[in-house]
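Chain by chain, the residues:
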Amino acid sequence: MERGHIYQTKIYAPYDGCHWTWEYCYYDGKKHYLHFGEQAKTNTFLASKLKDAFDFKTVPAGVYDTDLNTAEGRKELVTEVNAMHLSAIAKWIHDNTEFTLTATCPECGAECEVHEMHSTGYRGDGGVGIELLGYICSDCYASGVCDDCGEYDPSTRYIESEDKVCCEHCKPVSCAMCGKDMGDSENEVCSDCEDTPEYTAHLLKIELYLAMKRYQLFFPDCEQITAPVLKSA
Ligand SMILES: [Zn+2]
Ligand SMILES: [Zn+2]
Ligand SMILES: [Zn+2]
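Parameters at a glance
- Residues numbered from 1 in each chain as written.
- Chains lettered and ligands numbered in written order.
- Predicted model: local features only at pLDDT ≥ 70, side-chain atom pairs only at ≥ 80, totals over all residues.
- Helix = DSSP H or I, 4+ residues; strand = E, 2+ residues; numbered from the N terminus.
- Buried ≥ 20, exposed ≤ 12 C-beta atoms within 10 Å, placed from the backbone.
- Contact = placed C-beta atoms within 7 Å.
- Expected span 1.5 Å × (residues − 1).
- Arc of directions from axis to C-beta.
- Core = buried A, V, L, I, M, F, W, Y, C linked by C-beta atoms within 7 Å.
- pLDDT = per-residue confidence, 0-100.

### Things to note about the overall build of the chain
Step number 1: The helix and strand inventory of the chain stands at six helices and 10 strands.
Step number 2: Each of the 233 residues in the chain was classed as buried or not, and the buried ones make up 21%.
Step number 3: When contacts within the chain are restricted to residue pairs at least 6 apart in sequence, those whose partners lie at least 24 apart make up 38%.

### Details of helix 6 (residues 197-218)
Step number 1: Spanning 22 residues, helix 6 covers 32 Å between terminal C-alpha atoms, matching the ideal 32 Å at 1.5 Å per step.
Step number 2: Among the 22 residues that make up helix 6, one are buried, leaving the element largely open to the surroundings.

### Considering helix 2 (residues 71-80)
Step number 1: Among the residues making up helix 2, those that are buried are Arg74, Leu77 and Val78. Along the long axis of helix 2, the arc covered by the buried residues comes to 100 degrees, so they all point the same way.

### Re the nonpolar core
Inside soluble globular proteins, nonpolar side chains tend to come together where they are buried.
Step number 1: The biggest cluster of nonpolar side chains holds 25 residues, and the ones touching the most others in it are Tyr24, Leu86 and Val114.
Step number 2: Per-element accounting of this core gives the leading share, five residues, to helix 3 (residues 83-96).
Step number 3: Each residue touching Val114, except ones within four places of it in the same chain, is listed here: Val78, Leu86, Ala90, Leu101, Thr102 and Ala103.

### Some thoughts on the environment of Ala88
Step number 1: Examined against the element boundaries, Ala88 turns out to sit in helix 3.
Step number 2: Each C-alpha atom of the pair Ala88 and Leu34 lies 9.4 Å from the other, and the pair is 54 residues apart in sequence.

### Considerations on the confidence of the model for the chain
Step number 1: When pLDDT is averaged along the chain, the result is 79; 78% of the residues meet or exceed 70.
Step number 2: pLDDT under 50 marks residues 122-132. Its contacts with residues more than four places away, or in other chains, come to 20 contacts.

### Focus on the environment of Ser191
Step number 1: Relative to the helices and strands, Ser191 is located in helix 5 (residues 191-194).
Step number 2: When the 11 C-beta atoms within 10 Å are taken as the criterion, Ser191 is described as exposed.
Step number 3: In this structure, the C-alpha to C-alpha distance between Ser191 and Cys175, residues 16 residues apart in sequence, is 9.1 Å.

Pasting the structure below:
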(Lines give C-alpha, C1' and ligand atoms only; values in the text may rest on other atoms or scores of the structure.)
(Ligands and ions follow the chains in the order given, each with its own letter.)
Protein backbone atom coordinates (compact mmCIF):
# COMPACT_ATOMS: atom_id res chain seq x y z
CA MET A 1 0.00 0.00 0.00
CA GLU A 2 1.39 3.36 -0.94
CA ARG A 3 0.98 6.52 1.04
CA GLY A 4 -0.92 9.48 -0.37
CA HIS A 5 -3.62 7.46 -2.10
CA ILE A 6 -7.31 8.09 -1.88
CA TYR A 7 -9.81 5.31 -2.49
CA GLN A 8 -13.42 5.86 -3.42
CA THR A 9 -16.23 3.48 -3.97
CA LYS A 10 -19.96 3.60 -4.55
CA ILE A 11 -21.84 1.50 -2.05
CA TYR A 12 -25.41 0.62 -1.35
CA ALA A 13 -26.84 2.58 1.57
CA PRO A 14 -30.18 1.14 2.63
CA TYR A 15 -31.68 4.18 4.30
CA ASP A 16 -34.29 6.69 3.20
CA GLY A 17 -33.65 8.83 0.16
CA CYS A 18 -30.38 8.18 -1.60
CA HIS A 19 -29.69 4.49 -1.90
CA TRP A 20 -26.23 4.78 -3.36
CA THR A 21 -23.50 6.74 -1.71
CA TRP A 22 -19.84 7.43 -2.30
CA GLU A 23 -17.34 6.59 0.38
CA TYR A 24 -13.73 7.65 0.57
CA CYS A 25 -10.63 6.48 2.35
CA TYR A 26 -7.31 8.29 2.46
CA TYR A 27 -4.18 6.29 3.23
CA ASP A 28 -1.00 7.78 4.65
CA GLY A 29 0.20 4.80 6.64
CA LYS A 30 -3.09 4.98 8.51
CA LYS A 31 -6.55 4.70 7.00
CA HIS A 32 -8.74 7.77 7.21
CA TYR A 33 -12.33 7.11 6.28
CA LEU A 34 -14.02 10.27 5.06
CA HIS A 35 -17.73 10.61 5.51
CA PHE A 36 -19.84 13.45 4.27
CA GLY A 37 -23.36 14.07 5.46
CA GLU A 38 -25.47 10.95 5.26
CA GLN A 39 -22.40 8.85 4.68
CA ALA A 40 -21.50 8.81 8.34
CA LYS A 41 -24.19 6.15 8.69
CA THR A 42 -22.46 3.87 6.25
CA ASN A 43 -19.05 3.84 7.89
CA THR A 44 -18.99 0.10 8.45
CA PHE A 45 -20.11 -0.70 4.91
CA LEU A 46 -17.10 1.07 3.52
CA ALA A 47 -14.72 -0.40 6.05
CA SER A 48 -15.63 -3.91 4.95
CA LYS A 49 -15.75 -3.03 1.26
CA LEU A 50 -12.35 -1.35 1.29
CA LYS A 51 -10.69 -3.85 3.58
CA ASP A 52 -9.63 -5.90 0.56
CA ALA A 53 -7.96 -2.89 -0.98
CA PHE A 54 -5.58 -2.68 1.94
CA ASP A 55 -5.01 -6.37 2.43
CA PHE A 56 -4.06 -7.14 -1.16
CA LYS A 57 -1.76 -5.62 -3.69
CA THR A 58 -4.57 -5.05 -6.18
CA VAL A 59 -7.55 -2.78 -5.75
CA PRO A 60 -10.87 -4.61 -6.15
CA ALA A 61 -13.26 -3.75 -8.98
CA GLY A 62 -15.49 -0.81 -8.20
CA VAL A 63 -12.92 0.88 -5.98
CA TYR A 64 -11.16 3.84 -7.57
CA ASP A 65 -7.57 4.39 -6.53
CA THR A 66 -6.13 7.87 -7.01
CA ASP A 67 -2.49 8.67 -6.36
CA LEU A 68 -2.19 12.17 -4.92
CA ASN A 69 1.60 12.06 -5.18
CA THR A 70 1.35 12.88 -8.88
CA ALA A 71 -0.05 15.98 -10.58
CA GLU A 72 -2.12 13.70 -12.85
CA GLY A 73 -3.59 11.95 -9.83
CA ARG A 74 -4.56 15.19 -8.16
CA LYS A 75 -6.11 16.45 -11.39
CA GLU A 76 -7.95 13.19 -11.83
CA LEU A 77 -9.43 13.38 -8.35
CA VAL A 78 -10.80 16.86 -9.04
CA THR A 79 -12.57 15.76 -12.22
CA GLU A 80 -13.58 12.25 -11.19
CA VAL A 81 -14.80 12.74 -7.64
CA ASN A 82 -18.50 13.06 -6.98
CA ALA A 83 -19.17 16.78 -7.52
CA MET A 84 -21.25 17.00 -4.35
CA HIS A 85 -18.25 15.98 -2.25
CA LEU A 86 -15.49 17.79 -4.12
CA SER A 87 -15.48 20.83 -1.85
CA ALA A 88 -15.41 18.78 1.35
CA ILE A 89 -12.71 16.42 0.08
CA ALA A 90 -10.55 19.28 -1.20
CA LYS A 91 -10.81 20.96 2.21
CA TRP A 92 -10.03 17.73 4.07
CA ILE A 93 -6.98 17.07 1.90
CA HIS A 94 -5.77 20.64 2.35
CA ASP A 95 -6.21 20.54 6.13
CA ASN A 96 -4.89 17.03 6.75
CA THR A 97 -2.28 16.20 4.14
CA GLU A 98 0.67 17.80 2.37
CA PHE A 99 -1.37 17.92 -0.86
CA THR A 100 -3.54 20.66 -2.32
CA LEU A 101 -6.01 20.18 -5.14
CA THR A 102 -6.01 22.87 -7.81
CA ALA A 103 -8.25 23.57 -10.77
CA THR A 104 -8.77 26.22 -13.41
CA CYS A 105 -11.65 28.62 -12.83
CA PRO A 106 -13.94 28.15 -15.86
CA GLU A 107 -14.99 31.82 -15.68
CA CYS A 108 -11.66 33.69 -15.59
CA GLY A 109 -9.12 30.96 -16.25
CA ALA A 110 -7.21 31.53 -13.00
CA GLU A 111 -5.52 28.54 -11.37
CA CYS A 112 -7.12 28.15 -7.93
CA GLU A 113 -7.00 25.93 -4.90
CA VAL A 114 -10.17 23.87 -4.99
CA HIS A 115 -10.96 24.20 -1.28
CA GLU A 116 -11.23 27.97 -1.84
CA MET A 117 -13.50 27.70 -4.87
CA HIS A 118 -17.26 28.08 -4.70
CA SER A 119 -19.92 25.83 -6.05
CA THR A 120 -22.49 27.52 -8.25
CA GLY A 121 -24.80 24.50 -8.22
CA TYR A 122 -24.22 20.87 -9.00
CA ARG A 123 -24.53 19.28 -12.38
CA GLY A 124 -24.21 15.67 -13.34
CA ASP A 125 -25.83 12.50 -12.13
CA GLY A 126 -23.90 11.97 -8.93
CA GLY A 127 -21.68 9.32 -10.41
CA VAL A 128 -18.00 9.12 -11.14
CA GLY A 129 -17.02 10.87 -14.34
CA ILE A 130 -18.44 14.30 -13.63
CA GLU A 131 -16.53 17.19 -15.10
CA LEU A 132 -15.50 20.03 -12.88
CA LEU A 133 -18.67 21.96 -13.48
CA GLY A 134 -20.13 24.67 -11.38
CA TYR A 135 -16.99 25.52 -9.42
CA ILE A 136 -15.55 29.00 -9.81
CA CYS A 137 -12.92 31.09 -8.00
CA SER A 138 -13.86 33.33 -5.08
CA ASP A 139 -13.36 36.50 -7.15
CA CYS A 140 -15.77 35.34 -9.85
CA TYR A 141 -18.17 34.11 -7.20
CA ALA A 142 -18.12 37.47 -5.37
CA SER A 143 -18.90 39.38 -8.56
CA GLY A 144 -21.82 37.05 -9.32
CA VAL A 145 -23.55 37.25 -5.95
CA CYS A 146 -26.61 39.46 -6.10
CA ASP A 147 -26.61 42.30 -3.53
CA ASP A 148 -30.36 41.92 -3.10
CA CYS A 149 -31.10 38.20 -2.77
CA GLY A 150 -27.58 37.06 -1.88
CA GLU A 151 -27.76 34.19 -4.38
CA TYR A 152 -25.08 33.41 -6.91
CA ASP A 153 -26.50 34.02 -10.38
CA PRO A 154 -24.47 34.40 -13.57
CA SER A 155 -26.96 37.04 -14.74
CA THR A 156 -25.85 39.37 -11.94
CA ARG A 157 -24.79 42.77 -13.36
CA TYR A 158 -23.72 46.10 -12.00
CA ILE A 159 -26.63 48.55 -11.73
CA GLU A 160 -25.12 51.99 -12.08
CA SER A 161 -28.07 53.95 -10.74
CA GLU A 162 -28.03 51.99 -7.48
CA ASP A 163 -24.27 51.36 -7.33
CA LYS A 164 -24.72 47.66 -6.65
CA VAL A 165 -24.84 44.32 -8.45
CA CYS A 166 -28.16 42.62 -9.05
CA CYS A 167 -29.32 39.41 -10.66
CA GLU A 168 -31.82 39.45 -13.50
CA HIS A 169 -34.57 38.54 -11.05
CA CYS A 170 -33.86 41.34 -8.55
CA LYS A 171 -32.70 44.10 -10.87
CA PRO A 172 -34.88 47.19 -10.67
CA VAL A 173 -37.49 47.58 -13.38
CA SER A 174 -37.18 50.74 -15.43
CA CYS A 175 -39.96 52.56 -17.25
CA ALA A 176 -40.08 51.50 -20.92
CA MET A 177 -40.65 55.13 -21.93
CA CYS A 178 -38.61 57.44 -19.71
CA GLY A 179 -36.22 54.86 -18.24
CA LYS A 180 -36.92 55.87 -14.66
CA ASP A 181 -36.36 53.16 -12.02
CA MET A 182 -39.63 51.67 -10.82
CA GLY A 183 -38.35 49.36 -8.08
CA ASP A 184 -40.03 45.99 -8.35
CA SER A 185 -43.11 47.34 -10.16
CA GLU A 186 -44.81 45.00 -12.60
CA ASN A 187 -45.95 47.84 -14.84
CA GLU A 188 -44.45 48.58 -18.22
CA VAL A 189 -44.26 52.34 -17.69
CA CYS A 190 -44.14 54.65 -14.69
CA SER A 191 -47.20 56.54 -13.42
CA ASP A 192 -46.03 59.74 -15.17
CA CYS A 193 -45.77 58.09 -18.58
CA GLU A 194 -48.96 56.12 -18.11
CA ASP A 195 -51.10 59.23 -18.61
CA THR A 196 -49.39 60.49 -21.76
CA PRO A 197 -51.10 60.44 -25.19
CA GLU A 198 -48.12 58.43 -26.51
CA TYR A 199 -48.79 55.57 -24.11
CA THR A 200 -52.54 55.67 -24.77
CA ALA A 201 -51.80 55.48 -28.51
CA HIS A 202 -49.47 52.54 -27.87
CA LEU A 203 -52.16 50.63 -26.01
CA LEU A 204 -54.59 51.24 -28.88
CA LYS A 205 -52.01 49.95 -31.37
CA ILE A 206 -51.60 46.80 -29.26
CA GLU A 207 -55.34 46.26 -29.31
CA LEU A 208 -55.40 46.71 -33.08
CA TYR A 209 -52.45 44.36 -33.46
CA LEU A 210 -54.12 41.63 -31.39
CA ALA A 211 -57.34 42.05 -33.37
CA MET A 212 -55.39 41.72 -36.61
CA LYS A 213 -53.68 38.57 -35.33
CA ARG A 214 -57.07 37.02 -34.64
CA TYR A 215 -58.31 38.13 -38.07
CA GLN A 216 -55.28 36.50 -39.71
CA LEU A 217 -56.28 33.15 -38.22
CA PHE A 218 -59.26 33.17 -40.56
CA PHE A 219 -57.79 35.19 -43.43
CA PRO A 220 -54.12 34.25 -43.63
CA ASP A 221 -53.68 36.18 -46.89
CA CYS A 222 -54.48 39.56 -45.34
CA GLU A 223 -51.79 42.17 -44.78
CA GLN A 224 -49.35 41.30 -41.99
CA ILE A 225 -48.61 43.90 -39.36
CA THR A 226 -45.77 43.90 -36.87
CA ALA A 227 -46.13 44.20 -33.13
CA PRO A 228 -45.97 47.81 -31.96
CA VAL A 229 -42.86 48.70 -29.96
CA LEU A 230 -42.99 51.32 -27.25
CA LYS A 231 -40.59 54.10 -28.15
CA SER A 232 -38.44 55.36 -25.31
CA ALA A 233 -37.86 59.07 -24.93
ZN1 LIG B 1 -12.52 33.08 -11.65
ZN1 LIG C 1 -31.10 38.63 -6.81
ZN1 LIG D 1 -41.79 56.87 -17.33
